[in-house]
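# Survey of secondary and tertiary structure
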Amino acid sequence: MNFRIPRGTQDILPENSPMWRYVEQKAHDLCRRYNYKEIRTPIFEQTELFARGVGDTTDIVQKEMYTFEDRGGRSLTLRPEGTASTVRSYVENKMHGWADQPVKLYYVGPMFRYERPQSGRMRQFVQFGVEAMGSDDPAIDAEVIGLAMDFYRELGLKGLKLVINSLGDKESRNSHRNALINHFKPRITEFCPDCQQRLEQNPLRILDCKKDRDHELMENAPSILSYLNEESKKYFDRVQSYLGAMNIDFEVDPGLVRGLDYYNNTAFEIMIDGAGFGAITTLTGGGRYNGLVEEIGGPQTPGIGFALSLERLLMALETQGVELPTETGLDAYLIAIGEEAKSKAPSLLHTLRQSGLAVDADYLNKKMKAQFKAADRQGAAYTLILGDDEIAAGTIVVKNLNSGEQVNVSIEEAIQMIIENRQRKGA
Ligand code: HAM
């Protein structure tokens, strides 16, 4: 039997891992500057958490979850996103009582959705997300959006488009909801069965329907912005003015509703303009969720966050030809000539590695020429050649593979030379 990787997943092979580490490191560095602290939650949670948190009527909960029963008969689900888990942990660990508020958290880790795999849409993907809980100051909305934009900017991505909307507070949403029901009800039979169900359960979801997106009622559907009460309007204005002051360009799109149920007030997406990226153009999604902590069993607490997948980010960087740093080569490759030298090689390698050098050697009894070739392929800066003469003298031949120069020095001097060379190159 030939085993194959599951659909919608990928192996990240050694040549690509450095790129992943680089963007992950960028996320960690940026969050340190913005004072967001890392949280790591389990890969699976009680199914009910997502049904409640993400929302029963969303595609994620209805169609895309990897749900299974464990041997104890509990229903568990591989996390489809990170917000519900973060909020669960916030409540369970009573973070609302922490001295420093708002509590600003971030995560980087795999999420799972049973989606139809296509370019940029995976069944397992890695999200970098941030969540700030405990403040309803519009300045934190601008901070969260600014962090996401900075992440892309610092990685060198161009052609980004920030789209924002307000979904209003409870009161605004209710009047919008009624307007949507009145708008769609007379002709709801022309819509897909999912939308017919959504009409009473959650009419906002109709606006997000992929099947009915071209129906004529979609175009003139009531816009949430016409139903914002004074408070929601003021809030949205302040978010916009902060973004303006931060020189972050944005577009207001009243049709932006997001695919998860927990949002109110600010909602946003970062898209990428530009041909060649395929059908998927949304890189980041986020927004405010002032009712979620309460929904999960905590005290009334406002929150806001975003998530983006590293898969889509890396695709975008590749499309734009942005070069990311690759792994640096070995510091040295040890070539042992003769039986005695070979028997000394393991302990010498051990010493070199303990001194902080990245070193390797041949384990297949290859000829010397092949060993030199291997040193080249591995990007070694030096070869270290150990033969009978060197053993007798307690030295080693150090050959700089760049300049071709070689010297015969003690092991300590060799280590020193290689370290200094590395520091000169700034590695
Ligand atoms: P979301 O819009 O479902 O929101 O996902 C956010 C981002 O995750 C997307 O913009 C995309 O980059 C990535 N993503 C989603 N599904 C896939 C997939 N199948 N393959 C590859 N990438 C994908 C959330 O998940 C919310 N938890 C965001 C949030 C945090 N809102 C507030 N806080």
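Note that the structure is predicted; figures quoted are calculated from it, not measured.

On the secondary structure map, Ser172 appears in helix H6 (residues 170-184). Residue contacts for Ser172: discarding those within four places in its chain leaves Ile224, Tyr227, Leu228, Asn229 and Ser232.

A separate point is the packing of helix H1 (residues 17-33) against helix H5 (residues 138-155). Each pair of packed helices can be described by the angle between their axes along with the distance between the axes. Close contact between H1 and H5 brings their axes to 10 Å; oriented N to C, the two are set at 135°. Taken together, the axes of H1 and H5 lie oblique to each other. The element H1 and its partner H5 pack so that their crossing is right-handed. The segment H1 lies against H5, with Tyr22, Val23, Lys26, Ala27, Leu30 and Arg33 engaging Leu147, Asp150, Phe151, Glu154 and Leu155. Of the residues contributing to the contact of H1 with H5, the split by class is seven nonpolar, no polar and four charged.

You can read the domains of the protein chain as domain 1 (17-169 + 229-319) and domain 2 (332-426). Summarising the inter-unit geometry, the C-alpha centres of domain 1 and domain 2 are found 49 Å apart.

Moving on to the side chain of Asn229. Secondary-structure assignment places Asn229 in the loop between helix H8 (216-219) and helix H9 (230-245). With near-sequence residues (within four places) excluded, Asn229 lies in contact with Asp169, Glu171 and Ser172.

Right, let's get into helix H13 (residues 368-377). Burial in H13 covers these residues: Gln371, Ala374 and Ala375. Along H13, the residues classed as buried sweep out an arc of 100° about the axis, all on the same side. Exposed residues lying more than 90 degrees from the buried face of H13 are Lys369, Lys373, Asp376 and Arg377. On its buried side, H13 packs onto strand E12 (332-336) and strand E14 (382-386).

Quick look at the sheet that holds strand E1 (residues 37-38) now. Within a beta sheet, neighbouring strands are joined by backbone hydrogen bonds and run either parallel or antiparallel to one another. Spatially, E1-E5-E6-E11-E10-E9-E7-E8 is the arrangement adopted by the eight strands of the open sheet, whose pairing is mixed. On the outer flanks of this sheet lie E1 and strand E8 (251-252), each paired with one strand and no other. Two elements, E1 and strand E5 (residues 103-112), share two bridges in a ladder whose sense is parallel. Along E5, the bridge assignment pairs Lys37 with Leu105. Each of E1, E5 and strand E6 (124-133) touches H1; the most contacted strand, E5, lies at about 160° to it. Strands E5, E6, strand E7 (160-166), strand E9 (264-272), strand E10 (282-288) and strand E11 (303-309) of the sheet are contacted by H5, whose axis makes an angle of about 15° with E11.

Let us look at the sheet that holds strand E16 (residues 406-410). Spatial strand order, E13-E12-E14-E15-E16: five strands in an open sheet with mixed pairing. The two strands at the open ends of the sheet, each matched to only one other strand, are strand E13 (359-361) and E16. Sheet twist, expressed as the mean angle between neighbouring strand axes with direction ignored, is 30°. Sheet topology note: the E12/E13 ladder contains three bridges and is parallel. By the bridge assignment, Tyr333 is partnered in E13 with Asp360. Against the sheet, H13 touches E12, E14 and strand E15 (395-400), its axis set at about 170° to E12. Contacts from helix H15 (residues 411-424) reach E12, E14, E15 and E16, with the element oriented near 125° to E16.

Parameters at a glance
Residues numbered from 1 in each chain as written. Predicted model: local features only at pLDDT ≥ 70, side-chain atom pairs only at ≥ 80, totals over all residues. Heavy atoms only, no water. Helix = DSSP H or I, 4+ residues; strand = E, 2+ residues; numbered from the N terminus. Contact = heavy atoms within 4.5 Å. Axes fitted to C-alpha atoms, helices over the stretch in contact; angles between N-to-C directions. Parallel < 35°, antiparallel > 145°, perpendicular 65-115°, else oblique. Left-handed = near helix turned anticlockwise from the far one by under 90°. Nonpolar A, V, L, I, M, F, W, Y, C, P; charged D, E, K, R; others polar. Domains from an automatic or database assignment. Buried < 20%, exposed > 50% of the residue type's maximum accessible area, 1.4 Å probe, protein only. Arc of directions from axis to C-beta. Pairing = 2+ DSSP bridges.

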